[in-house]
Amino acid sequence: MASAAIIPERENYLNQEYGIKSWLLTIDHKRIALLYLMSITFFFFIGGFFALLIRLELLTPAGDLVAADTYNKLFTMHGQVMIFFFLIPSIPAVLGNFLVPLMIGAKDLAFPRINLLSWYLYVIAGILYLHCILTGGVDTGWTFYTPFSTAFSNTKVIEAGLAIFVAGFSSILTGLNFVVTIHRMRAPGMTWSRLPLFIWAHYATSIIMLLGTPVLAITLVLVVLERTLHLGIFDPALGGDPLLFQHLFWFYSHPAVYIMILPSMGVVTEVVPCFSRKRVFGYKFVAMSSIMIAVFGFLVWAHHMFVAGISLYSALVFSLLSYLVAVPSAIKVFNWTATMYKGSITFSTPMLYAFGFIGLFTMGGLTGLFLSALGVDVHVHDTYFVIAHFHYIMVGGAVMGYMAGMHYWWPKISGRMYPESWGRLAALIVFLGFNLTFFPQFVLGYLGMPRRYWQYPPEFQVLHVLSTAGSTVLAVGYVLPMLYFLWSMRYGKIAPDNPWGASGLEWMTSSPPPTFNFEQTPVVTWEAYDYANIPAPEEVPIER
Amino acid sequence: MFDNFPLWPARASAGAANVDALYIFLVLLSAFMCAAIFTLILVFAVKYRRRAGVQAEQIEGSTALEITWSVIPMIIFMFIFAWGAAIYFQERTPPRGAAEVYVVAKQWMWKVQHEEGQREINELHVPVGRDVKLVMTSQDAIHSFFVPAFRIKQDVLPGRYTTAWFRATKPGTYQLFCAQYCGTSHSSMIGDIVVMEPAQYQAWLSGGPAVPLAESGQKLFSDMGCITCHRSDLQGRGPNLVGVFGKPVALEDGRSLTADENYIRQCILNSRGQVVKGFPAIMPVFQGLLSEEQVNALVAYIKSLGAPQPGQTTKTAAAVTPQEPKVQ
């Protein structure tokens, strides 16, 4: 077939088949990635809408825009939608799904049908959660803390819990698929030490998905059982222990942070070498740091509980371990910086997002040191300091990385170029809007502004106004790419196979790739990031 | 709107300055690290921007550098850890002889019982310079006692006591927040900590009639019939409670633990599994029969039973050394 290809309409995964059925029953990892892309984008804008309502309510100290109960539902559902229906699937299920087989030279994931099943589970979970939203919502906070969630909340806790339970299985199946694929499906010559670091990051992520998610599933089932059948597990009135819930919940939900950030780090580790025209600095250390983050990430959960009533000595141990996980994160930042040294750097949109990632992740990471320091955590725990910190990691880090990746691989995914100048503008808007939204929250937090407050003392207002102003800028920065990506699908310049002059097998096939990815199974004889032997693109793609 | 725009929280407790010191250190360290990394990135971005005819120089990496930038941060991190741990250790260890205040949290208010018998709602009056230990529990969901001006925060759990302590240093009125989300009116579960000069505080204390907490407990002790078994002449069917607080207790099941506030509380409400060695498990369950405030009064009374009397041996006195209640 390929021999008969005509240049403008080469056969690829997008045009090989048409019709709704060819999408809903597809087992092509690239098409499933696009199904995921559409679903998570939908949920991203729902979560973003909740966030805007939250910020608008906080414009004034009095609770005046929405009712207290509505506000409580808004921050709960903002958190649950963004974490379980956007961030966790974001890079793995979209970019990972698309790229893992391409990058290792495989035709598809190891279990294509399970891959499709994972999307259907996600959709079922999403419908359940939408139903929960539309029939009244849930107000427990995204953390479901007991006994509030099992004994006191009058909202749809069970529906929300079950939706997230199902979403968890979608995540487990994706992780399983990646682990098996990376072990078994690598092209000849693609040794472990030649794998792109994006793959290493996804491997580490998959391990967390496989080992952590079942614990969340079990915990949610226990919450549902206690709420419906009054089994005494977490509620002291029934003989349970509320701290047990927190241990179980954070045993998943702390590593879940690394599910969100590790793939983003993987993206940045592809983008920085490409636009510096350099092999990555310290390949082995960057690869191992992903694994170390995944392993240590499982040993630090109780740092969410320093004021919860755990013993003095367990707090000391968890504080110490939390500092250990900071080391591999620091290693990555230093290695990205060193990769630029003596490079030949261009400032395309993905690189701008990668810069944004490094800057914001560094700030998020450094403020993590504050929170791991026991004495300081007592004061800033459950305040806006924590809110700011984790948004620097999850939005400044994870979402920036996701945007970097979407721009970097968009030519490969869609076969079209997006308008470069719009891309750069959006990256700048997101960076500025993000800092304006979340930096004031660090100050608010140290002043003592508690999180999840519908109304607040008037002296906090100025900082809240700044934050709300920033959130509208941020919203513009997120809507823009959505518009020009859609625009580019019809009007964008046709993308060459390797527009960035990047290394990696995904760039050696056509854009968009054919259904089975490669005309012939590639044989790898070179190291990853072999930029010494790849010419820089003659012409950096120019905006139309 | 702009007349009240603080950038630093009030500092009104003995421990606050320690927390601020570490915080300022961390801010400076972070600022330095950000400046260093961002400057490097900027310099590289400008100096090594793509230019015609200039190729990137391929560098594999440097193990020496990797070790350097792993080990140096690690050393700094351990220093921060130790500093933070030292502050936390202080925060979690109430000094001997601290005045005790019982706090009961419920949706959505704070109820306070002073040893002297005063009761307050959403207010806590304390004198400057006195160590105050808070013994807290919740009637429903988890709450959290947070006073930014004191830099203290402690979750308040149903079914057990948690403790915190502070020593106020500056008269004034400071905010009390509930910091653990607890439902509809979470953001209204706020109060005032009123720090007063000792003389004013004495005046406040004597402002109204009040029965000391331990005395209320003593009355309950006889009203509820506790006294029939827990006799002080060693002839009762239950253990003698004089001086039991803070002492190790051997249990029927072979375990041994310290009789802290949580142990006494649990024994009052439901002694199953906590029975003292050598005594029959015949104590009725009081769960549901006593309010949290009544349990507090009983605990305060039982603690007062250990109070050293003139002429008592030092051994008994040692047994009443205030101990931090175990919260696990």
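Residues numbered from 1 in each chain as written. Chains lettered and ligands numbered in written order. Predicted model: local features only at pLDDT ≥ 70, side-chain atom pairs only at ≥ 80, totals over all residues.

Looking now at the overall build of chain A. Across its full length, chain A carries 15 helices and 0 strands. Expected size for 544 residues packed as a compact globule is a radius of gyration near 24 Å; at 23 Å, chain A falls within 12% of this value. If you line up chain A on its principal axes, its C-alpha atoms span 70 × 45 × 45 Å. The burial tally for chain A puts 63% of its 544 residues in the buried class. (Helix = DSSP H or I, 4+ residues; strand = E, 2+ residues; numbered from the N terminus. Rg over C-alpha atoms; globule rule 2.2 N^0.38 Å. Buried ≥ 20, exposed ≤ 12 C-beta atoms within 10 Å, placed from the backbone.)

With that settled, consider helix 14 (residues 420-447) of chain A. Its 28 residues give helix 14 of chain A an end-to-end C-alpha distance of 41 Å, which sits within 8% of 40 Å, the value for a rise of 1.5 Å per residue. Just past helix 14 of chain A, the residue G448 of chain A takes up positive phi, approximately 110 degrees. (Expected span 1.5 Å × (residues − 1).)

Let us now look at the domain arrangement of chain B. Residues and elements named next belong to chain B. Along its sequence, chain B is carved into domain 1 (7-43 + 93-210) and domain 2 (213-319). Once you take the C-alpha centre of each, domain 1 and domain 2 turn out to be 29 Å apart. Counting from both sides, the interface comprises 12 residues of domain 1 and, opposite them, 8 residues of domain 2. Those elements that provide at least two residues to the side of domain 1 that touches domain 2 are strand 1 (99-106), strand 2 (109-114) and strand 5 (131-138). Top contributing element to the side of domain 1 that touches domain 2 by residue count: strand 2, with 3 residues. Considered class by class, the residues forming the side of domain 1 that touches domain 2 number 4 nonpolar, 5 polar and 3 charged. (Domains from an automatic or database assignment. Contact = placed C-beta atoms within 7 Å. Nonpolar A, V, L, I, M, F, W, Y, C, P; charged D, E, K, R; others polar.)

Now for unusual backbone geometry. Of the consecutive residues T146 of chain A and P147 of chain A, the connecting peptide bond is found in the cis state with omega at -5 degrees. Within the secondary structure layout, P147 of chain A lies in the loop between helix 4 (112-134) and helix 5 (148-152). For the bond running from Q107 of chain B to W108 of chain B, omega is -5 degrees, close enough to zero to count as cis. Its place among the elements puts W108 of chain B in the loop between strand 1 and strand 2. With phi around 55 degrees, Y529 of chain A is a residue other than glycine that occupies positive phi space. The topology assignment puts Y529 of chain A in the segment after helix 15 (461-491).

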